[in-house]
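A look at the structure
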Amino acid sequence: MLMASSQEAVIQELLFRLASFYIDRLTQTNSDTHTNPPHKRPTRRSLKSADDLINSCSHYGALYPWLTVLSPAHTTSSQHQEALYKLQSLLCGPSLSVCSVAPLLERLSEETIWGFSLHLLCTTRRGQYDSSIEKLLDRCPQAIIAYANHQLQDKNMALWWQKLLPELCNRTRAAADNNILLAALKETLVVVAMETSPAEFLELIPDDGTASYFLPHLLTCSQRHLLA
């Protein structure tokens, strides 16, 4: 029915119902695990997996690469994992109206890494990249470069130096021994050096920045500019 319909209102209604179903499944399986019921409910195998739906239905999208970093080490059950991947796929797809399902996502806590991934998908789809970058650095900084490589492209490329670089400079200043943040800062500087002019790069270096740390990237930027 979803594939056969060409009316946008009908498509949105069906997608909303699917998202609602997946959220119900996520809350039920999560609740079942915590309450530890004496009798396990019989499992039902879905006719199509998330991969099947991605390959056969244009309304489902391939999962963004940075979601693999946010994948939990284990999920509560196979049904929970399946519902999570399908909901993530809908949010990565081109059709679902994120604004319509945002109130439903409030039922899912951000305390779990999988719940956080869904809320981050929602803010990203809304174009709220500044807050998404801050949330990701707070919660899972090891995913920030994968996120930036995928989301901060084309018209959003400037956010590498307008938002991500200042955030990383401030955070590494406060936690100089954080190897994850330092590695992210180094990779960010590589991108910034490739996308800005030497004069622009100089303006981006913080006043209290260590010259020896930024100098190699400035030299790369200058050499690239000379060869352009």
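Not measured: the values here are computed from a predicted model.

1. Regarding the overall build of the protein
When helices and strands are counted, the protein shows eleven helices and zero strands. In the protein, buried positions account for 43% of the 228 residues. Expressed as a percentage of contacts within the protein between residues at least 6 apart in sequence, the contacts between residues at least 24 apart total 69%.

2. A short note on the packing of helix α6 (residues 129-139) against helix α8 (residues 159-174)
Axis separation between α6 and α8 bottoms out at 11 Å; the angle between their running directions is 30°. In terms of their interaxial angle, α6 and α8 are classed as roughly parallel. As for the relative orientation of α6 and α8, their crossing is right-handed in sense. Contact residues: α6 offers Tyr129, Asp130, Ile133, Glu134, Leu137 and Asp138, while α8 offers Leu159, Lys163, Leu164, Glu167, Leu168 and Arg171.

3. A few points about the confidence of the model for the protein
When pLDDT is averaged along the protein, the result is 89; 88% of the residues meet or exceed 70. When mean pLDDT is taken per element in the protein, helix α7 (residues 144-151) scores highest with 98 and helix α1 (residues 8-35) scores lowest with 84.

4. Focus on the side chain of Thr123
Counting through the fold element by element, Thr123 comes out in helix α5 (residues 113-125). Residue classification places Thr123 among the buried positions, given a relative accessible area of 9%. Polar side-chain contacts of Thr123 include one of 2.9 Å to the side chain of Ser132. With residues up to four places along the chain from it excluded, the contact list for Thr123 reads Gln128, Ser132 and Lys135.

5. What about the packing of aromatic side chains?
Applying the stated criterion across every chain yields a total of four aromatic pairs. An angle of 75° between the planes, with centres 5.6 Å apart, marks the rings of Tyr213 and Phe214 as edge-to-face. Here the aromatic cluster, defined as three or more aromatic residues joined through ring pairs, consists of Tyr64, Trp66 and Tyr147.

6. Notes on helix α3 (residues 78-92)
Its 15 residues give α3 an end-to-end C-alpha distance of 21 Å, which sits within 8% of 21 Å, the value for a rise of 1.5 Å per residue. Where burial is concerned, most of α3 is hidden: eleven out of the 15 residues are buried. Among all positions in α3, only Gln79, His80, Ala83, Leu84, Lys86, Leu87, Gln88, Ser89, Leu90, Leu91 and Cys92 are buried.

7. Digging into the pattern of salt bridges
According to the stated counting rule, one finds eight salt bridges in the structure shown. Across the pair Glu167 and Lys163 runs a salt bridge, and its minimum N-O distance is 3.0 Å. Residue Glu167 and its partner Lys163 are located together in helix α8, separated by four residues, close to a single helical turn. Judged by relative accessible area, which is 16%, Glu167 ranks as buried. Two residues, Arg173 and Asp208, come together in a salt bridge whose shortest N-O distance is 2.7 Å. Of this pair, Arg173 sits in helix α8 while Asp208 is found in the loop between α10 (198-204) and α11 (211-227), placing the two residues 35 residues apart along the sequence. Within this structure, Glu134, Asp138, Lys163, Glu167 and Arg171 form a network of salt bridges that share partners.

Definitions and limits used
Residues numbered from 1 in each chain as written. Predicted model: local features only at pLDDT ≥ 70, side-chain atom pairs only at ≥ 80, totals over all residues. Heavy atoms only, no water. Helix = DSSP H or I, 4+ residues; strand = E, 2+ residues; numbered from the N terminus. Buried < 20%, exposed > 50% of the residue type's maximum accessible area, 1.4 Å probe, protein only. Contact = heavy atoms within 4.5 Å. Axes fitted to C-alpha atoms, helices over the stretch in contact; angles between N-to-C directions. Parallel < 35°, antiparallel > 145°, perpendicular 65-115°, else oblique. Left-handed = near helix turned anticlockwise from the far one by under 90°. pLDDT = per-residue confidence, 0-100. Polar contact = N/O pair within 3.5 Å; in protein donor to acceptor, adjacent residues only side chain to side chain. Phe/Tyr/Trp six-rings, centres within 6.5 Å; stacked < 30°, edge-to-face > 60°. Expected span 1.5 Å × (residues − 1). Salt bridge = Lys/Arg side-chain N within 4 Å of Asp/Glu carboxyl O.

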